[in-house]
Amino acid sequence: MTSDVKETFSSGSPPAPAALAAKVRTLAPSMTRSMQLVAEAVAGDPAGCAALTVTGLAERTGTSEATVVRTARLLGYPGYRDLRLALAGLAAHQESGRAPAVTADIAVDDPIADVVAKLAYDEQQTLADTAAGLDTVQLGAAVAAASTARRIDIYGVGASSLVGQDLAQKLLRIGLIAHAHMDPHLAVTNAVQLRSGDVAIAITHSGSTGDVIEPLRVAFDRGATTIAITGRPDGPVSQYADHVLTTSTARESELRPAAMSSRTSQLLVVDCLFIGVAQRTYETAAPALAASYEALAHRHTPRTR
């Protein structure tokens, strides 16, 4: 059994049937090709697959019974029997004619007040999961490195780049030299300039984003202290990270992709890192922050005619 399978199998109760397709999309990149074939089959035809035995599904997908069982476990089910029950439930849901789900809990015709309440609850769960899983020893080491860094480079693409920009802006306001790089070419050319005493931070939910891993690898090779903020601590990015800060696994759906929920957990980790740095550098951080507020104060004062 792979580490991914073990982690998912022990992470809690199986996902609701309506969340199965989203779960498949979220985990597919970390699956072997044979497991992807099984996952795609059950997500694409839940009714047909629910009628198959483990042997039947293996034959249909051209895989083995062991692969089917491993896929079921990776998707969060104790065994194939539990996956079949979920498939039957999903098929019944689709045949009932009820409004399609936007997320596991939100239907297309839900009132906006219900959408607000359900999303708020989901965000709270994401934050709670991230806080519970965050290694404070790793966080403390990352804070110590960033607090004394000559320079801090941050790498991220897509939604993760927004989180990187947020962190860079916070660090700049307390007097640290920090840059967020969204362009992968510039990220690498800047990483080449790093050395011991510098810090490089990679933000990637999947842990396998090449445009983020490459500059982190270069920074690692140059002797900089490297930090990965990722939802996949066993992903490729971690082999070039001195310190790994883990975010919760995002709950994905068709209209609420992983980019949304992963950003919530990433922002929490970024805020924890920033506050830790601000605490350790308070004597210089406080005056720098006050100066930045003062410099911008006139822009927040209503103009008089």
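These remarks concern the structure in this document. (Residues numbered from 1 in each chain as written. Predicted model: local features only at pLDDT ≥ 70, side-chain atom pairs only at ≥ 80, totals over all residues. Heavy atoms only, no water.)

1. Structural notes on the packing of aromatic side chains
The way to describe two aromatic rings as a pair is by their centre distance and the angle between their planes.
Alright, step 1. For the structure shown, the criterion picks out 1 aromatic pair.
Alright, step 2. With centroids separated by 6.2 Å and ring planes inclined at 65°, the aromatic side chains of F220 and Y240 adopt a geometry described as edge-to-face. Of the two residues, F220 is situated in helix 12 (residues 210-221) and Y240 in the loop between strand 4 (225-230) and strand 5 (243-246); the sequence distance between them amounts to 20 residues. (Phe/Tyr/Trp six-rings, centres within 6.5 Å; stacked < 30°, edge-to-face > 60°. Helix = DSSP H or I, 4+ residues; strand = E, 2+ residues; numbered from the N terminus.)

2. Brief notes about the environment of G158
Alright, step 1. Mapped onto the elements, G158 comes out in the loop between strand 1 (152-155) and helix 10 (159-173).
Alright, step 2. Sequence separation between G158 and M182 is 24 residues, and the spatial gap between their C-alpha atoms is 8.1 Å.

3. Topic: the nonpolar core
Alright, step 1. One finds I152, L167, L171, I174, I201 and L245 to be the most contacted residues of the largest nonpolar core, which totals 29 residues.
Alright, step 2. When residues of this core are traced back to their parent elements, those giving at least two are helix 9 (136-147), strand 1, helix 10, strand 3 (199-203), strand 4 and helix 13 (258-280).
Alright, step 3. In terms of residue count, the dominant contributor to this core is helix 13 (6 residues).
Alright, step 4. Residue contacts for L245: discarding those within four places in its chain leaves L134, Q138, L139, A142, I227, A228, I229, T230 and V269.
Alright, step 5. L27, A41, Y77 and L87 belong to the second-largest nonpolar core, a separate cluster that totals 23 residues. (Core = buried A, V, L, I, M, F, W, Y, C linked by side-chain atoms within 4.5 Å. Buried < 20%, exposed > 50% of the residue type's maximum accessible area, 1.4 Å probe, protein only. Contact = heavy atoms within 4.5 Å.)

4. Some thoughts on the sheet that holds strand 2 (residues 178-181)
Alright, step 1. One open sheet holds the 5 strands; their spatial order is 2-1-3-4-5, and the pairing between them is parallel. Since the sheet does not close on itself, it has two edges, and those belong to strand 2 and strand 5, each with one partner. Mean inter-strand twist for the sheet, computed between neighbouring axes without regard to direction, equals 15°.
Alright, step 2. In the packing of helix 11 (residues 184-191) onto the sheet, contacts are made with strand 1 and strand 2, and the angle to strand 1 comes to roughly 150°. (Pairing = 2+ DSSP bridges. Axes fitted to C-alpha atoms, helices over the stretch in contact; angles between N-to-C directions.)

5. What to know about the environment of G207
Alright, step 1. Here G207 is to be found in the loop between strand 3 and helix 12.
Alright, step 2. In this structure G207 comes out as buried when scored by relative accessible area, which is 0%.
Alright, step 3. Between the C-alpha atom of G207 and that of P233, which follows or precedes it by 26 residues, the distance is 7.0 Å.
Alright, step 4. With residues up to four places along the chain from it excluded, the contact list for G207 reads I213, T230, R232, G235, P236 and V237.

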